[in-house]
Amino acid sequence: MREEIVRRIEEEEIQKRIRELAKTINDDYAGKKLHVICVLKGAVYFACDLTKYLTMPVTIDFLGLSSYGDGMTSQGVITLNQDLTQNIAGKDVLLVEDIIDSGRTLFYLENMLNKREPASLDVCTLLDKTVRREADVVLKYVGFEIEDYFAVGYGLDYAQKYRNLPFIGELQFKED
């Protein structure tokens, strides 16, 4: 079996949508400070590009989670690999994710972070795969809603490969 990538969302589309999301976030948080939490590793490209266009004072922190291992489906076990380094109590927090599919990881994260008493907690995701949703989660900012395919590129990986692609692609397996 060989791996093939079918291009789904081009780099230019991604960058255009990020600027649109940033404009909406700027309007929603006008006059406030924003604390951005990037979920590693997949959301790092998205979070870096998004924060470049934010006009309010921004602080940033990182959370490391895993639920996929090296497979194509979540194993259902969420592991916190890296916790925040800053206190979020009383802060307006924007959680930045690469993709929301089942929603189980986000549900876990929201519960964990809300216990730390932020002033507000909103979610921004690059990709939303609603067809796979199992948990009741609310996404305030969504880049693209996608069909049920395994997305790679622009931070998203398969077995730690393909993160560096500048576009979003669909990973397919073909017979040799």
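Our structure's up above, just so we're on the same page.
Residues numbered from 1 in each chain as written. Predicted model: local features only at pLDDT ≥ 70, side-chain atom pairs only at ≥ 80, totals over all residues. Heavy atoms only, no water.

Enquirer: Could you clarify how one ought to interpret the nonpolar core in this entry?
Expert: The nonpolar side chains of a soluble globular protein tend to be buried with one another. Ranked by internal contacts, the top residues of the largest apolar core, which has 30 residues, are I25, L50, L127 and I168. Considering every element that reaches this core, the biggest residue donor is helix α1 (residues 11-28), with 5 residues. Core analysis: the second largest hydrophobic core is formed by 18 residues, L63, L84, A135 and V137 among them. (Core = buried A, V, L, I, M, F, W, Y, C linked by side-chain atoms within 4.5 Å. Buried < 20%, exposed > 50% of the residue type's maximum accessible area, 1.4 Å probe, protein only. Helix = DSSP H or I, 4+ residues; strand = E, 2+ residues; numbered from the N terminus.)

Enquirer: Sorry, what's going on with the side chain of D157 here?
Expert: Of note, D157 is situated in the loop between β8 (151-152) and β9 (168-174). Within the structure, D157 has its side chain in polar contact with the backbone nitrogen of Q160 (distance 2.7 Å). Here the side chain of D157 touches R163 through a polar contact of 3.2 Å, side chain to side chain. If we ignore the near neighbours within four places in the chain, the residues touching D157 are F150, V152 and R163. (Polar contact = N/O pair within 3.5 Å; in protein donor to acceptor, adjacent residues only side chain to side chain. Contact = heavy atoms within 4.5 Å.)

Enquirer: Help me understand the packing of aromatic side chains, please; the structure alone is not making it clear to me.
Expert: The geometry of two aromatic rings is summed up by the distance between their centres and the angle between their planes. Following the criterion strictly, the structure yields 3 aromatic pairs and no others. Ring plane angle 85° and centroid distance 6.0 Å describe the contact between F150 and Y158, whose orientation is recorded as edge-to-face. Taking relative accessible area as the criterion, F150 reaches 14% and is therefore assigned buried. One aromatic cluster is present, formed by F150, Y158 and F173 through successive ring pairs. Taking NZ or CZ as reference, R7 lies 3.8 Å from the ring centre of F167, over its face. One residue, R8, lies across the ring of Y149, its end atom 4.0 Å from the ring centre. (Phe/Tyr/Trp six-rings, centres within 6.5 Å; stacked < 30°, edge-to-face > 60°. Lys NZ or Arg CZ within 6 Å of the ring centre and 35° of its normal.)

Enquirer: What's the story with helix α3 (residues 104-114) in this structure? I'm lost.
Expert: Inspection of α3 places T105, L106, L109, E110, M112 and L113 among the buried residues, and these make up the whole buried set. Down the axis of α3, the smallest arc covering the buried residues is 165°, so these residues share one side. Structurally, α3 contributes buried residues whose contacts are with β2 (34-40), β3 (58-66), β4 (79-82), β5 (92-100) and β6 (120-128). (Arc of directions from axis to C-beta.)

Enquirer: Is there a simple way to explain the pattern of salt bridges in this structure?
Expert: Two side chains that carry opposite charge are able to pair once their charged atoms sit near each other. Taken as a whole, this structure holds 18 salt bridges when the rule is applied. Among the ionic pairs, E4 bridges to R2, the shortest N-O distance being 2.1 Å. In this structure, K16 and E20 form a salt bridge, with 2.9 Å as the shortest nitrogen-oxygen distance. Of this pair, K16 and E20 both sit in helix α1, 4 residues apart, which is roughly one turn of the helix. Each of R2, E4 and D176 takes part in a single network of salt bridges with overlapping partners. (Salt bridge = Lys/Arg side-chain N within 4 Å of Asp/Glu carboxyl O.)

Enquirer: Would you explain the sheet that holds strand β1 (residues 2-9) in this entry?
Expert: Consider a sheet: its strands pair through backbone hydrogen bonds, and that pairing is either parallel or antiparallel. Here 3 strands make up an open sheet; going across it, the order is β1-β9-β8 and the pairing antiparallel. Edge positions in the sheet fall to β1 and β8, since each has one partner strand and no second. When β8 meets β9, the two strands line up antiparallel, connected through 2 bridges. Considered in β9, the bridge of A151 is made with E170. (Pairing = 2+ DSSP bridges.)

Enquirer: I keep staring at the sheet that holds β2 and nothing clicks. Help me out?
Expert: As summarised here, the arrangement of the 6 strands in space is β4-β3-β2-β5-β6-β7, forming an open sheet in which the pairing is mixed. Edge strands, defined here as strands with exactly one partner in the open sheet, are β4 and β7 (141-145). The sheet shows a mean angle of 25° between the axes of neighbouring strands, taken without regard to direction. (Axes fitted to C-alpha atoms, helices over the stretch in contact; angles between N-to-C directions.)

Enquirer: I would appreciate a short explanation of the side chain of R163 in the present structure.
Expert: For R163, the location among the structural elements is in the loop between β8 and β9. What makes R163 buried here is its relative accessible area of 14%. Engagement of the side chain of R163 in a polar contact is seen with the backbone oxygen of G155, the distance being 2.7 Å. Within polar-contact distance, the side chain of R163 engages the side chain of Q160 at 3.1 Å.

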